[in-house]
Amino acid sequence: MNDFAGTWALVGGASQGIGLATTRLLAARGARVILMARRWEVLESIRGSLPNSESHQTLAVDLEQLETLSLSLTQLLAKTGPVGVWVNNSGGPTSGPLVEANVNEIEQALRGHVLASQVILRSLLPGMKTLGSGRIINVLSTSVRMPIPNLGVSNLVRSAMASWAKTLSLELGPLGITVNNVLPGYTQTPRLESLMGSTARKTGKTEEVIRAEWMNSVPLRRLAEPEELAEAIVFLASKSAGYISGVSLPVDGGRTGAL
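Residues numbered from 1 in each chain as written. Predicted model: local features only at pLDDT ≥ 70, side-chain atom pairs only at ≥ 80, totals over all residues. Heavy atoms only, no water.

Caption draft 1: Looking closely at the overall build of the protein. Counting its regular elements, the protein contains eight helices and seven strands. Compactness check: the protein gives a C-alpha radius of gyration of 18 Å against a globular reference of 18 Å for 259 residues, within 12% of the reference. For the protein, the C-alpha atoms occupy an extent of roughly 55 × 40 × 40 Å along the three principal directions. Residues classed as buried in the protein amount to 49% of the 259 residues present. Counted over contacts in the protein with a minimum sequence separation of 6, partners at least 24 positions apart contribute 71%. Summed over its atoms, the accessible surface of the protein is roughly 12300 Å², and 54% of this surface lies on carbon and sulfur atoms. If you average the places of the 23 positive and of the 20 negative side-chain charges in the protein, the two averages end up 5 Å apart. (Helix = DSSP H or I, 4+ residues; strand = E, 2+ residues; numbered from the N terminus. Rg over C-alpha atoms; globule rule 2.2 N^0.38 Å. Buried < 20%, exposed > 50% of the residue type's maximum accessible area, 1.4 Å probe, protein only. Contact = heavy atoms within 4.5 Å. Areas by Shrake-Rupley, 256 points an atom, 1.4 Å probe, with all protein chains shown as cover. Lys, Arg positive; Asp, Glu negative; His and termini not counted. Charge placed at Lys NZ, Arg CZ, Asp CG, Glu CD.)

If you want it as structure tokens, here you go:
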């Protein structure tokens, strides 16, 4: 399958988890992928393992460094040309109740998500206008529908991102650009392992018990694999999803108790 042949796709968080699975799937379907994350060595190793590895690019950058992010994207786009698909994916803020979060933590999270997303958007949009089309897929959280206990800052930031995305879908639709969100449930990623560890320390339960509790809260009684999230993301990036825009799609095994 070469659904994305010749298309440049920028994938955030490409070094692990959902971002890595999405990178591999897009590359397998013909896309030229820009792998973005912090660790250059890891990105280069992954790039070398992809089909047609020489046709892909890596971008090692800290999303909180907005000026560096903007400059790095400008320099890279001068080489690649327009990007048609943007998978907006990054690690979540630290866990904890919102009432215990200080202003610096909230500011840092907003910088690394909302502000960084705006910087990337402003960098990619001229190219998408030239193409006359584009796909923006934000990887957020089911907390967009129902806040998740002990993820206060994440709930705040993910909801802000969902509103940002919905607004963009209205503004960019006339340009042929779709904007959608994927809302992962419990997915087997390093992020989930980290949350499991912090929950274990707070509750005194073992990680095995917590894993079982989380799985039992899902109607399908299991965790998702990153590849299952990647399939949903890549579908929304495809031509087949050309009339889908402004939606938030839970991929959570039916766990979220809201429509």
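There's plenty left to go through after this.
Caption draft 2: Looking closely at the pattern of salt bridges. On inspection of all chains with the given rule, the structure shows seven salt bridges. One salt bridge connects Asp62 with Arg38, and the closest N-O pair in it is separated by 3.6 Å. Residue Asp62 is found in the loop between strand 3 (57-60) and helix 3 (66-80), and its partner Arg38 is found in the loop between strand 2 (32-37) and helix 2 (40-49); the two are separated by 24 residues along the sequence. Among the residues examined, Arg38 registers a relative accessible area of 58% and is labelled exposed. We note a salt bridge from Glu44 to Arg47, for which the minimum N-O separation is 3.0 Å. Linking Glu44 with Arg47, this pair stays in helix 2, spanning three residues, or about one helical turn. Residue Arg47 is classed as buried on the basis of its relative accessible area of 19%. What emerges from the salt-bridge pattern is a single network uniting Arg38, Asp62 and Glu64. (Salt bridge = Lys/Arg side-chain N within 4 Å of Asp/Glu carboxyl O.)

Caption draft 3: Structural context of the environment of Ser154. Residue position: Ser154 is located in helix 5 (residues 152-172). Owing to a relative accessible area of 4%, Ser154 belongs among the buried residues under this scheme. Setting aside residues no more than four positions away along its own chain, Ser154 makes contact with Pro93, Ser143 and Arg191.

Caption draft 4: How the structure looks around the packing of aromatic side chains. If you walk through the whole model with that rule in mind, you get two aromatic pairs. Considering the side-chain rings of Trp86 and Trp164, the 6.2 Å spacing of their centres and the 85° angle between planes classify their relative orientation as edge-to-face. Here Trp164 lies in helix 5 and Trp86 lies in strand 4 (residues 85-88), a separation of 78 residues in the sequence. What makes Trp86 buried here is its relative accessible area of 0%. By relative accessible area, Trp164 is classed as buried at 12%. On the basis of an interplanar angle of 5° and a centroid distance of 4.8 Å, the ring pair of Tyr186 and Trp214 is categorised as stacked. In this pair, Tyr186 is assigned in the loop between strand 6 (177-184) and helix 6 (190-203) and Trp214 in helix 7 (residues 207-216), connecting sequence segments 28 residues apart. One residue, Arg255, lies across the ring of Tyr186, its end atom 4.3 Å from the ring centre. (Phe/Tyr/Trp six-rings, centres within 6.5 Å; stacked < 30°, edge-to-face > 60°. Lys NZ or Arg CZ within 6 Å of the ring centre and 35° of its normal.)

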